[in-house]
Amino acid sequence: MDLTLRDLDHLFRQPELDPLNGSFSTQSGVEAVLQRLKRARLPKSHQLRLSIQLPADQISTDTRAQVASALAAYAATRIAEEQESLHFLGRETRQSLRMGGLFLIACLTLAALVDYLNALPSFVQTLLRESLVIAGWVGLWHPLDLLLYAWWPSRYRISLLKHLETADVQLKPAYP
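Computed from a prediction, not measured in an experiment: that's the story for all the values here.

Trainee: Which parts of the structure should I look at to understand unusual backbone geometry?
Mentor: Most peptide bonds are trans, and most residues other than glycine sit at a negative phi. Of note in this structure, Arg41 is not a glycine but carries a positive phi near 50°. Relative to the elements of secondary structure, Arg41 occurs in the loop between α1 (29-40) and β2 (49-54).

Right under this line is the structure:
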């Protein structure tokens, strides 16, 4: 993957939008790489080869090692943040499932008790009973969403960041 930067600082910082000088992007280099990785759909075992073109005066003998180390550290930090987010999501999921389960039990219990209300017409009993059953299942909607789907985006970002963390970084002088 090739990445051209006007300044090494733009690897982690957003460049200023300056269309008069040919700068049309406000996306940092790292975010651009992650965006391209989303489209590339690299297998987990594939190592990313990242070729960064910079102005020649910004490349020295130790710049490549510094950039590779900074990218790895950045990715490791973001991976740790995503894993912490997953930990809190797990806690939220468990709490939501407990509350949703209790709400479902309460609704189903009340729906069963509605049958014993002989003072109400049968269509009102049916309406109440079915409404309580529906409300109970709707109460589980969010907990089940958390359990089944909410963790996917974080897992996906972690897989993208792992490619960045282990990237083979090469620096090349940019030609004007």
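Trainee: Explanation requested: the pattern of salt bridges in the structure shown.
Mentor: As a working rule, side chains carrying opposite charge can pair if their charged atoms are close by. Within the structure shown, the criterion is met by four salt bridges. Among the ionic pairs, Glu31 bridges to Arg78, the shortest N-O distance being 3.2 Å. Taken together, the residues Glu31 in helix α1 and Arg78 in helix α2 (residues 63-114) connect sequence positions 47 residues apart. Glu31 sits in the partly exposed class, given a relative accessible area of 30%. With a shortest N-O distance of 4.0 Å, Glu130 and Arg129 are connected by a salt bridge. Judged by its relative accessible area of 41%, Glu130 falls in the partly exposed class. A relative accessible area of 22% means that Arg129 is categorised as partly exposed. Here the residues in one salt-bridge network are Asp115, Arg129 and Glu130, joined through shared partners.

Trainee: Help me out: how do you make sense of the packing of α2 against helix α4 (residues 141-150) in this one?
Mentor: Two packed helices can be described by the angle between their axes and the distance between those axes. Packing of α2 against α4 leaves a shortest axis separation of 8 Å and a crossing angle of 145°. When you trace α2 past α4, the crossing you get is left-handed. Packed against α2, whose contacting residues are Leu89, Glu92, Thr93, Ser96, Leu97 and Gly100, the element α4 presents His142, Pro143, Leu144, Leu146, Leu147 and Ala150 at the interface. Per-class residue counts for the contact of α2 with α4 are seven nonpolar, four polar and one charged.

Trainee: Just to check I follow, could you spell out the sheet that holds strand β3 (residues 168-173) for this structure?
Mentor: Two strands in a sheet stick together by hydrogen bonds in their backbones, pointing the same way (parallel) or opposite ways (antiparallel). Taken in spatial order, the three strands line up as β1-β2-β3 in an open sheet, and their pairing is parallel. One side of each edge strand has no neighbouring strand; the edge strands of this open sheet are β1 (2-4) and β3. Strand-to-strand, the axes of this sheet are offset by a mean angle of 25°, without reference to chain direction. Bridge count between β2 and β3: six bridges; the pairing is parallel. Looking across to β3, one finds that Ser51 is bridged to Gln170. Sitting on the sheet, α1 is in contact with β1 and β2, with an inclination near 150° to β1.

Trainee: Whenever I open this one, the pairing of β2 confuses me. Can you help?
Mentor: The side chains of a regular strand alternate, residue by residue, between the two faces of the sheet. Examined bridge by bridge, β1 and β2 share three bridges and lie parallel to one another. Residue pairing for β2: Leu3 is matched across the bridge by Ile52.

Trainee: Is there a simple way to think about the packing of aromatic side chains in this case?
Mentor: To describe a pair of aromatic rings, one takes the distance between the centres and the angle between the planes. Under the criterion given, the structure shown has three aromatic pairs. Both rings, one in Tyr149 and one in Trp152, keep their centres 5.5 Å apart while their planes meet at 80°; by these two values the pair is edge-to-face. Trp152 sits in the partly exposed class, given a relative accessible area of 47%. An aromatic cluster is present here, built from Tyr149, Trp151 and Trp152 joined pairwise through their rings.

Trainee: Is there a simple way to explain a nonpolar patch on the surface in this structure?
Mentor: The grouping of Leu144, Leu147, Leu148, Tyr149, Trp151 and Trp152 at the surface amounts to a nonpolar patch, some 590 Å² of accessible area in total. In terms of residue count, α4 provides more of the nonpolar patch than any other element does, four residues in total.

Trainee: Help me understand the side chain of Ser51, please; the structure alone is not making it clear to me.
Mentor: Assignment of secondary structure puts Ser51 in strand β2. Ser51 has contacts with Met1, Asp2, Leu3, Gln170 and Lys172, leaving out every residue within four places of it along the chain.

Trainee: Please explain the environment of Ile105 as it appears in this structure.
Mentor: Assignment of secondary structure puts Ile105 in helix α2. Judged by relative accessible area, Ile105 falls into the exposed class, the value being 54%. Along the primary structure Ile105 and Trp137 are separated by 32 residues, whereas in three dimensions their C-alpha atoms are 9.7 Å apart.

What counts, and where the lines are drawn
Chains are numbered independently. Their residues run from 1 in the order of the written sequence. Only residues with pLDDT of at least 70 get local features here, since the model is predicted, and only at 80 or more are side-chain atom pairs given and counted; chain-wide, interface and lining totals rely on the full set of residues. The side-chain values count all of the structure's non-hydrogen atoms but skip hydrogen atoms and water molecules. Working definition: helices are DSSP H or I runs of at least four residues, strands are E runs of at least two. Numbering for both runs from the N terminus. Just to be clear on terms, a salt bridge is a Lys or Arg side-chain nitrogen sitting within 4 Å of an Asp or Glu carboxyl oxygen. Buried residues are those whose accessible area, probed at 1.4 Å on protein chains only, stays under 20% of the maximum for their type, while exposed residues exceed 50% and partly exposed ones sit between those limits. Orientation is described by axes fitted as lines to C-alpha atoms, over the contacting stretch for helices, and by angles from 0 to 180 degrees between their N-to-C directions. In this scheme the handedness of a crossing depends on how the near helix is turned from the far one: anticlockwise by less than a right angle means left-handed, clockwise means right-handed. Between two residues, a contact is recorded if the distance between any of their heavy atoms is within 4.5 Å. Classes in brief: Ala, Val, Leu, Ile, Met, Phe, Trp, Tyr, Cys and Pro nonpolar; Asp, Glu, Lys and Arg charged; the others, Gly included, polar. Two strands are counted as paired when DSSP detects at least two bridges linking them. To pair, rings of Phe, Tyr and Trp, with the six-membered ring standing in for Trp, must have centres within 6.5 Å; the planes then decide the type, stacked if under 30 degrees apart, edge-to-face if over 60, and tilted in the middle. Only residues above 30% relative accessible area that lack a salt bridge enter a patch, with like-charged residues linked at up to 9 Å and the nonpolar side chains Val, Leu, Ile, Met, Phe, Trp and Tyr linked at up to 5 Å. Per-residue and other accessible areas were derived by the Shrake-Rupley procedure at a 1.4 Å probe size, with only the shown protein chains allowed to occlude residues.

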